[in-house]
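Given next are the chains, with one letter for each unit.
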Amino acid sequence: MVFQPATPHTAIVETVRIVFMGTPDFALPSLSALHGPTDRTGWKVVGVVTQPDRRAGRGKKLVAGPVKRFALEQSLPVIQPKSFRRNDLQSAADQPDPLAWLRMLSPDLIVVAAFGQILPPSVLNIPTYGCLNVHASLLPAYRGASPITAALLDGLTETGVTIMLMDAGMDTGPVLTQAALPVLAGDTTDSLSHRLATLGASLLGETIPSWLDGNTAPVAQKDLPGEPSVCPLVKKQDGHIDWTLPARRVERMTRAYSPWPAAFTTWKGQNFKLWKSSVISGRAAPGLVVETDDRVAVGTGDGLLALHEVQPAGKRRMAAATFLNGAPDFIGARLGS
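Residues numbered from 1 in each chain as written. Predicted model: local features only at pLDDT ≥ 70, side-chain atom pairs only at ≥ 80, totals over all residues. Heavy atoms only, no water.

Asker: Please set out the overall build of the protein chain residue by residue, giving values where relevant.
Answerer: Check the secondary structure of the protein chain and you find ten helices and 17 strands. Oriented by its inertia axes, the alpha-carbon framework of the protein chain measures out at about 70 × 45 × 35 Å. Out of the 337 residues belonging to the protein chain, those deemed buried represent 50%. For the protein chain, the centre of its 32 positive side-chain charges and the centre of its 28 negative side-chain charges are spaced 8 Å apart. (Helix = DSSP H or I, 4+ residues; strand = E, 2+ residues; numbered from the N terminus. Buried < 20%, exposed > 50% of the residue type's maximum accessible area, 1.4 Å probe, protein only. Lys, Arg positive; Asp, Glu negative; His and termini not counted. Charge placed at Lys NZ, Arg CZ, Asp CG, Glu CD.)

Asker: Could you give an account of the sheet that holds strand E10 (residues 175-182), with specific residues and numbers?
Answerer: Strand order across the open sheet formed by seven strands is E5-E2-E1-E6-E7-E9-E10, with mixed pairing between neighbours. With partners counted over all chains shown, the strands left at the sheet margins are strand E5 (78-79) and E10, one partner each. The pairing of strand E2 (residues 43-49) with E5 spans two bridges and is parallel. Directly across from Val-48, in E5, lies its bridge partner Val-78. This element, helix H5 (residues 98-105), spans strand E1 (16-22), E2 and E5 of the sheet and lies at about 170 degrees to E2. Across the sheet, helix H8 (residues 189-212) touches E1, E2, strand E6 (109-113), strand E7 (131-135), strand E9 (158-165) and E10, and the angle it forms with E10 is around 150 degrees. (Pairing = 2+ DSSP bridges. Contact = heavy atoms within 4.5 Å. Axes fitted to C-alpha atoms, helices over the stretch in contact; angles between N-to-C directions.)

Asker: Go over the pairing of E1, please, and point to the residues and values.
Answerer: The element E1 is extensively covered by neighbouring structure, given that six of its seven residues are classed as buried. Note that E1 and E2 share six bridges and pair parallel. Across the sheet, residue Phe-20 finds its bridge partner in E2, namely Val-48.

Asker: Which residues make up the layout of surface pockets, and what values do they have?
Answerer: If you add up the space inside the largest pocket, you get close to 1,700 Å³. Along its surface, the largest pocket is lined by 46 residues, and Pro-24, Ala-114, Gly-116, Ala-145 and Leu-233 are the ones closest to its centre. If one sorts the elements of the lining of the largest pocket by residue count, H8 sits on top with five residues. Class assignment for the residues of the lining of the largest pocket results in 25 nonpolar, 14 polar and seven charged. Along its surface, the second largest pocket is lined by Lys-236, Trp-260, Pro-261, Phe-264, Asn-271, Phe-272, Lys-273, Gln-311, Pro-312, Ala-313, Gly-314 and Lys-315. When residues of the lining of the second largest pocket are traced back to their parent elements, those giving at least two are strand E13 (270-280) and strand E16 (304-312). Top element by residues in the lining of the second largest pocket is E13. It accounts for three residues. (1 Å grid on protein atoms, 1.4 Å probe; cavity = no way out; pocket = protein on both sides within 12 Å on 5 of 7 lines; lining within 4 Å. Points joined across faces, edges and corners; volume = space filled by probe spheres on them. Nonpolar A, V, L, I, M, F, W, Y, C, P; charged D, E, K, R; others polar.)

Asker: Any details on the packing of aromatic side chains? Residues and values, ideally.
Answerer: Each aromatic ring pair is characterised by the separation of its centres together with the angle its planes make. If you walk through the whole model with that rule in mind, you get seven aromatic pairs. Ring geometry for Phe-84 against Phe-115: centres 6.5 Å apart, planes inclined by 55 degrees, an arrangement best described as tilted. With Phe-84 in the loop between E5 and helix H4 (86-91) and Phe-115 in the loop between E6 and helix H6 (121-124), the pair connects residues that are 31 residues apart, well separated along the chain. Each member of the pair, Phe-84 together with Phe-115, is buried. Ring geometry for Phe-272 versus Phe-323: centroids 5.2 Å apart, planes at 55 degrees, classification tilted. Taken together, the positions of Phe-272 in strand E13 and Phe-323 in helix H10 (residues 320-326) put the pair 51 residues apart, joining distant regions of the chain. Classification of Phe-272 by relative accessible area gives buried; the value is 0%. Using a relative accessible area of 8% as the deciding quantity, one classes Phe-323 as buried. Among the aromatic residues, those joined into a ring-pair cluster are Trp-267, Phe-272, Phe-323 and Phe-330. (Phe/Tyr/Trp six-rings, centres within 6.5 Å; stacked < 30°, edge-to-face > 60°.)

Asker: Any details on the nonpolar core? Residues and values, ideally.
Answerer: The biggest cluster of nonpolar side chains holds 65 residues, and the ones touching the most others in it are Leu-34, Leu-109, Ile-208, Leu-307 and Phe-330. If you tally residues by element for this core, the top one is H8, at eight residues. Once residues lying within four places of it in the same chain are set aside, the contact partners of Phe-330 are Trp-267, Phe-272, Val-289, Val-296, Leu-307, Phe-323, Leu-324 and Leu-335. Formed by 23 residues, the second largest nonpolar core is a distinct cluster that contains Leu-99, Leu-102, Ile-126 and Met-166. (Core = buried A, V, L, I, M, F, W, Y, C linked by side-chain atoms within 4.5 Å.)

The following block contains the structure:
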């Protein structure tokens, strides 16, 4: 069932109270766009919900996410629930009850961008004007956790952002607005994420006033072009290269899995990362390193993959030619064996 706002849009409050939910860099432009002068925008961010701090680095120290750091710098109230499931609410003794916290803030609107959790009805039903989500695909395609990575893996030439009214499903709610963006030949998940985040923030700023005024009607995803598809959370092992795949697919992996987990293979029993590559003509056994036209390349199931930037285990990223100067035995090696 699609959530409907609790009151008609004609009764807009003087200042719209917004709670923002998000965690990574992708969410920052949207939060920044919302946290502007209230007399200009007509709204005010009254609280931020973000994921708990994660352990990172060699020392495995707890590190706050980008949204939390921004919120604290701007003196915005922050809460970090493990989830909104009932069992987690009871076990989080060091956090206030997030549902009670949200109700206390009395938000008119909740805006979500790459938060990382599916919101239950107990949250969706709190704000007067519902929960809006900034999603990095042209729904109904690429629902789920990794739409940008999936778009690059599939070789799309165009993707975009969707502002949707959230329901209890995973990115299944009706669409308010969409904007398309071309995928550039050299795009990585990192570069495309930055461009989509900027586009999403701009579209969000245009959509909210229209939604609050009742001038934007939600459109069910079944009435939009395209077939529904779901992309799961990316795991580290997804970056492991199968050299029997076509060179074009492996090249897409080097861009789709940048910056994480990186496309990788093994050489001399250790991980070997591929950061930049291109497809060239020629043939060699899958995984066999060859030299052709002064370029180092690897055989695949279809074509050769020329290596431009690599990273051996324990080393920095470097040009393939620089690496080859110090490792001439790389030519003739069989990667991944």
